[in-house]
Amino acid sequence: MRYLAALLLIVTLPLHAALPAADSQGEQLPTLAPMLEKTVPGVVNIFTRTKVTVRQSPLLSDPFFRRFFNVPDQPRERTQQSLGSGVVVDAGNGYILTNHHVIDGADEISVNTADGRTLQATVVGSDPETDIAVLKVEQDNLTELPMSNSDSLRVGDFVVAIGNPFGLGQTVTSGIVSAMGRSGLGIEGYEDFIQTDASINPGNSGGALVNLRGELVGVNTAILSKSGGNVGIGFAIPINMARDIMAQLIEHGAVQRGTLGAQAQDLTPDLAAAFDIAENGRGAVVTQVTRGSPADKAGLKAGDVITHINERPVKDASDVRNRIGLLRIGEKVQMKILRDGKPRTIRAVVEEPELVSIEGEKLHPRLAGAVLANVVEDTVKGRIEGVAVADVAPGSPAMQAGLRQGDVIAQANRQAVSDINSLKAAITDSDALLLNVQRRGGALFILLR
């Protein structure tokens, strides 16, 4: 009991309070210092510089106006600086895990290590939907943090946050896991946060949330505060989610998300009663299944209640979205469902989401300025398939080439086009692009070169 009381004391007191190494009887007091001595070197401070265009009044851009009123020339750009934190997760390859918003748009990224070195970092990949980014530094003698299994975390577990709040340098705060699986906060696209009362402030973003063994359990990412300072509600991305995203960023430079082609909503008590499900049942009700989608092929139907995905219980519709959104294209997924109150198991394969619209320049430089979208239209004369020109920017290469809003591309390089994917396949690396375009009941060829 004496040890437990002392442990509770140290995790609730600020860590800057100097505690004696032993009490008056000479007994050793519990301390986090040995763990932190090994862990802190694995957390780095991140500083970024970004060039931002300065908006000016049109009058100040007029040379005659400036000369007449003797207005000095104003810089058109200024450098914006920001700070954050990162965690070394692979010392051999120099990989550092941080938040996307820490390095978003940065022109220069510097990393300061705990031993005082300043290193230049490059972005390996970044994912705004989960707010995860991976940096790389070319340096030896880095300290990496071991990763824990965040699925084993429980409410009440002690955790320690390490980061660079307000640019002060390495700072350590302690607390407990206040809640698990926080979502619906509107902070990120995919949310499954660890909530903690360990002090997290601006600059802690991207830093480490570790357990008392010094193992990484989360990446600090956000706080809930009206003032911008800590009020005891902080959020971290579970390391299991961050690890999956990191693997894709390292392999592909981006996250390749798949789709099942199904929509769902939360299973409320009223819906549970309507679907003859136990009162305390949890899950998500399928509301729509897209025809021809992986969910449709697997036999999923509207009205099915998803209770498990890959043997893990489903809490709600947000949980379904997170689980599927983090799977790679081609991965198999097993879903346990309830249909008419009876359990079933459905297996599907996650597929690449169908492109429904795209910016033209992503297909060909000569299509820059055009927004293209799939179209299937029934008319008196028959069925029209192709890619519609949804919008064309004035003066853009696409406009200059002759494309107009409302055009439908039926052929590209003499190959029939039915959707964006087939248009993409028909476009080669050659500089010229021959399009057959349907316009106002007629048709014409347009050569872009």
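Going by the structure above, here's the rest.
Predicted model, so just to flag it, every value in this text is computed and none were measured.

The rules behind each value
Residues numbered from 1 in each chain as written. Predicted model: local features only at pLDDT ≥ 70, side-chain atom pairs only at ≥ 80, totals over all residues. Heavy atoms only, no water. Pairing = 2+ DSSP bridges. Helix = DSSP H or I, 4+ residues; strand = E, 2+ residues; numbered from the N terminus. Axes fitted to C-alpha atoms, helices over the stretch in contact; angles between N-to-C directions. Contact = heavy atoms within 4.5 Å. Buried < 20%, exposed > 50% of the residue type's maximum accessible area, 1.4 Å probe, protein only. Salt bridge = Lys/Arg side-chain N within 4 Å of Asp/Glu carboxyl O. Core = buried A, V, L, I, M, F, W, Y, C linked by side-chain atoms within 4.5 Å.

What follows covers the sheet that holds strand S8 (residues 171–182). Reading around the barrel, the 6 strands line up as S7-S8-S9-S12-S11-S10 and close back on themselves, with antiparallel pairing between neighbours. Adjacent strand axes in the sheet meet at a mean angle of 45 degrees, parallel and antiparallel pairs treated alike. Note: strand S11 (residues 216–223) against strand S12 (residues 234–238), 5 bridges, orientation antiparallel. Its bridge partner being in S12, Ala222 is matched across the sheet by Phe235. Taken strand by strand, helix H5 (residues 239–252) contacts S11 and S12, and its axis lies near 50 degrees from that of S12.

A few words on the environment of Val155. Tracing the sequence through the fold places Val155 in the loop between strand S6 (132–137) and strand S7 (158–163). The exposure class assigned to Val155 is exposed, which follows from its relative accessible area of 56%. Residues in contact with Val155, not counting those within four places in the same chain, are Val177, Ser178, Ala179 and Met180.

With the rule as written, the count across this model stands at 12 salt bridges. Between Asp157 and Arg154 there is a salt bridge, with its nearest N and O atoms 4.0 Å apart. According to the relative accessible area criterion, Arg154 is exposed, its value standing at 58%. Here Lys336 makes a salt bridge to Glu311, at a shortest N to O gap of 3.3 Å. With Lys336 in strand S17 (residues 332–339) and Glu311 in the loop between strand S15 (305–309) and strand S16 (312–313), this residue pair connects regions lying 25 residues apart in the sequence. A relative accessible area of 29% places Lys336 in the partly exposed class.

With 29 residues, the main nonpolar core has Leu97, Val210 and Leu216 as its most contacted residues. Broken down by element, this core gets its largest block of residues, 6 residues, from H5. If sequence neighbours within four positions are ignored, Leu216 has contacts with Val87, Val89, Leu145, Pro146, Met147, Ser148, Ala208, Leu209, Val210 and Ile239. Counting 22 residues, the second largest nonpolar core, distinct from the first, contains Leu367, Leu372, Ala412 and Leu423.

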